[in-house]
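What the coordinates show
Residues per chain, in single letters:
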Amino acid sequence: MNFRDIEPKWQKKWEEIKLFKTDTRQSSSKKYYDLVMFAYPSGDIHIGHFRNYTIGDALARYKRMRGFDVFHPFGWDAFGLPAEEAAIKHGIHPRKWTLDNIERSRATLKRVGISYDWDHEVITCLPDYYRWNQWIFLKMFEKGLAYQAESLVNWCTHCKTVLANEQVIDGRCWRCGQEVTKKNLVQWFFKITAYAERLLEGLERLDGWPEHVKSMQRNWIGRSEGAQIVFRLEGDNTPLPVFTTRADTLFGVTFVSIAPEHPIARNLAKGLPEEKEVTAYIEASLRRSDRDRTLAGEKTGVFTGRYAIHPLTGEKVPLWIGDYVLASYGTGIVMGVPAHDQRDFIFAKKYNLPIKPVVQVMPHLECGTEAIEEYGTLINSGPFTGLSSEEGKKRIPKVLEEKGLGKLEVRYKIRDWLLSRQRFWGTPIPMVHCSTCGIVPVPYEDLPVKLPEGKIDFIPKGRSPLEDVPEFIDVTCPKCKKKAKRDADTMDTFVDSSWYFLRYLDSKNETLPFDSAKAAAWMPVDQYTGGVEHAILHLLYSRFFTKVLHDLGMIPIDEPALRLFNHGMVLDKTGQVMSKSKGNTVSPTDLIDQVGADVARIAMFFAAPAEKEMLWSEEGIGGALRFLNRVWRFISSPAECDTSNGEIAKNDGVWRKLHSTIKRVTEDMERFSFHTAIAGLMELLNVIEEEKLEGSFAKEVAKIYAQLLAPLAPHIAEEMWETLGEKESIFLSPWPLYDPKTLEESEVEMVIQVNGKVRGHVTMSVSAQEEEIREAALINPKIKAFLGETKIQKIIVIPKKLINIVI
């Protein structure tokens, strides 16, 4: 059969009966929000997208048959650098480039037959969506969660824009791979650090999330319990606060080191002989990535010519600038304890700085080629000598606090979310800069602040192209009505994806981002599916937004999704991840033209576990086609049978296998194990073919088989269902349930032991009584020969498992 030809028929039927439409105005006791990560429309969808979206589709169809009211929406993450770069390359406006790609991709997804409710589609580059980005921004500004500040930021020289810390991967831009440098700019931030503890705590409640994703977020948030200790700059008493988790080693400090990008670093050596060398060192350090500076085996630095005063001993310790110290971690200043920190040890050895042990781990263990980082007993530590490291960590900060020079403290590695972008294609930041009033929010009634749609030069220049568009940038101050300027930067594209799952519920709302009643009825998402590459960026930001919107009283929940599934990436024949930017993608439309969407689905599902990487090969297509043709031949043969009258004569072996397959496929669908579900259906088909089923029983089995196949090969299953005489869609039929009694075996093989050692086996009826089992064991030829005339002390029977004869 040509399966490709039946697919338009069923897609039209589904559309006519509104099979996938969900009325989110109605609450449901059995709601199921099935969410897949929406697409970036930089071109048509490829096999990698096809895999992700068919996973979500199979789940949606399965849950619908299980009686759930399924909400399965889709949309487009349409702002950001890729569209802008492509538009620059092709010389067209990013809006046209993006919307053309959306139209093409939407058509492909509909042709594939994915069960989306297109009535709830969102496109984030349209004003009816990004208006609400601006609305949420203003709410955060009112709550002190959005603020502007001058900061040393990550700068991508290729994309010519700043990057959030989360967008720097191994020292390189997450988008283009260019090495990231530093730059001082005034930027907008979201205060995600205010939610650090709640973001950590919430992870403990996400039982349905993969542990490795939660671990990645814990590490990124980076909670550390320690102490703040304040050294002072000799001469003017400028405070030099450090954060350390090892306050017990305070008496081992032999130098203090400050990050090259620290605000006071450039002025430390001013007017001193060291000034020229310090300035040159700072400039050289800032040209290196954070990753390069922290991972390099050799630690470099420069002496500032200044000294820090030890808070307890009053001793002077040299103040250095070290490239291994980062302003983005802790306070940007560290106390150097080379005896008990390997990084400090390497630095001290290079520059011949003193090494002073203050923790004794073993009587004769001394610093040799490396630092002693273990806990032990304090030595050379003044009044704290003799305490354990653990006790010293508590007592020393308390003494410092009494002197106003320190305290116990919890710190986080995470930094506030830098969201300003010096690019055109993004949500305009709804703020006005007035020389009289300062920074003024755009009034809510004036939203959205729209991007200009005319012909403009949006080539990146290291500053926002919007600065050069007078009709956009020149405005009247909302307060004093004098001339003012709009903020020229646009928002990070990850703002768009931080709340889109809420807009899906109410995508046509013109008065609010979404209706709170709908959110209360349908949130949280029951199942979220997408790539693990979003573990920190998107997923952390969406959790932050959810908590903020909860605090604003807009939603009753503070976590966006109950369960998360990370699908594996699709690799090309060389083992590279398929990507439009690499030009190594395969289009699913080519496969549909050849064999149809369902054959491609079965091949994709069967090729590898859904959570694993998959090396794409069209070799699996032939196997999938042969399997489905075999299924069709089986379904076709009993289609004319009349099952309306009389008892169905069952084949007990096939019936038992059918129910074990129902159980297996049900469990496999729940855990995304589609490849083993297909394997189970293949095994059942083998049994069916061997038994050569006919008549009413064959038709009964065929119906159940079609239902089990339906989430995986929906078009073919619909055609089979209709062929078997059914009028309604197969997806309106209830999912088959297995009968536990049917699965019970009539016979069981039991082990026979003599004094605990296996000596034979015997097959018994599951209903056999203990006396019958004993007798069967004793007359077993092997056991009878082994025992001979030996006296039996007792016989122990464990039902359905074993008989142990004690002699």
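See the structure printed just above.
Anyway, here's the lowdown on the structure attached to this text. (Residues numbered from 1 in each chain as written. Predicted model: local features only at pLDDT ≥ 70, side-chain atom pairs only at ≥ 80, totals over all residues. Heavy atoms only, no water.)

What about the pattern of salt bridges?
This structure, assessed with the given rule, holds 45 salt bridges. With a shortest N-O distance of 2.7 Å, K9 and E722 are connected by a salt bridge. Of this pair, K9 sits in helix α1 (residues 7-16) while E722 is found in helix α22 (residues 714-723), placing the two residues 713 residues apart along the sequence. Given a relative accessible area of 37%, E722 falls into the partly exposed group. A salt bridge links R95 to E453; its shortest N-O distance comes to 3.9 Å. Remark: E453 occurs in the loop between β22 (438-441) and α12 (470-473) and R95 occurs in helix α4 (residues 94-112); sequence separation between them is 358 residues. Residue E453 is classed as exposed on the basis of its relative accessible area, which comes to 54%. Through salt bridges with shared partners, one network takes in E201, R205, R543, K547, D558 and E559. (Salt bridge = Lys/Arg side-chain N within 4 Å of Asp/Glu carboxyl O. Helix = DSSP H or I, 4+ residues; strand = E, 2+ residues; numbered from the N terminus. Buried < 20%, exposed > 50% of the residue type's maximum accessible area, 1.4 Å probe, protein only.)

Observations concerning the sheet that holds β22
Spatially, β22-β21-β24-β23 is the arrangement adopted by the four strands of the open sheet, whose pairing is antiparallel. Where the open sheet ends on each side, the last strands, each with one partner, are β22 and β23 (474-476). Averaged over all pairs of adjacent strands, the angle between their axes in this sheet comes to 40°, without regard to strand direction. Pairing analysis gives three bridges linking β23 to strand β24 (residues 483-486), with the strands arranged antiparallel. Bridge pairing in β24 places V475 opposite A484. (Pairing = 2+ DSSP bridges. Axes fitted to C-alpha atoms, helices over the stretch in contact; angles between N-to-C directions.)

Re the nonpolar core
With 181 residues, the main nonpolar core has F137, F190, W417 and F627 as its most contacted residues. Apart from residues no more than four positions distant in its own chain, F137 is found in contact with A146, W188, F190, L419, I429, P430, M431 and M491. In this structure, A247, Y281, V302 and L378 belong to the second largest nonpolar core, which totals 36 residues. (Core = buried A, V, L, I, M, F, W, Y, C linked by side-chain atoms within 4.5 Å. Contact = heavy atoms within 4.5 Å.)

With respect to the sheet that holds strand β26 (residues 527-531)
In space, the four strands of this open sheet follow the order β2-β1-β26-β27, with parallel pairing throughout. Each edge of the sheet is formed by a strand with only one pairing partner; in this case those strands are β2 (69-71) and β27 (564-567). Ignoring which end each strand starts from, the neighbouring axes of this sheet average 20° apart. Inspection of the sheet shows β26 paired to β27 by four bridges, in the parallel sense. Counterpart to Y528 in the pairing with β27 is L564. Across the sheet, helix α2 (residues 47-65) is in contact with β1 (31-36), β2, β26 and β27; its angle to β1 comes to roughly 170°.

Things to note about the pairing of strand β5 (residues 146-156)
Inspection of the sheet shows β5 paired to strand β9 (residues 180-190) by eleven bridges, in the antiparallel sense. Across the sheet, the residue bridging to C156 is V180, located in β9. In terms of strand pairing, β5 meets strand β6 (residues 161-163) through three bridges, oriented antiparallel. Across the sheet, W155 pairs through a bridge with V162, a residue of β6.

Comments concerning the packing of aromatic side chains
This structure, assessed with the given rule, holds 47 aromatic pairs. Three or more aromatic residues joined by ring pairs make a cluster, and in this case those are F137, F141, W188, F190, Y195, W417, F494, Y541, F544 and F545. Above the plane of the ring of F731 lies R61, whose end atom (NZ or CZ) is 4.8 Å from the centre. For the cation-ring pair, R486 lies above F472, with the distance from its terminal atom to the ring centre recorded as 5.6 Å. (Phe/Tyr/Trp six-rings, centres within 6.5 Å; stacked < 30°, edge-to-face > 60°. Lys NZ or Arg CZ within 6 Å of the ring centre and 35° of its normal.)

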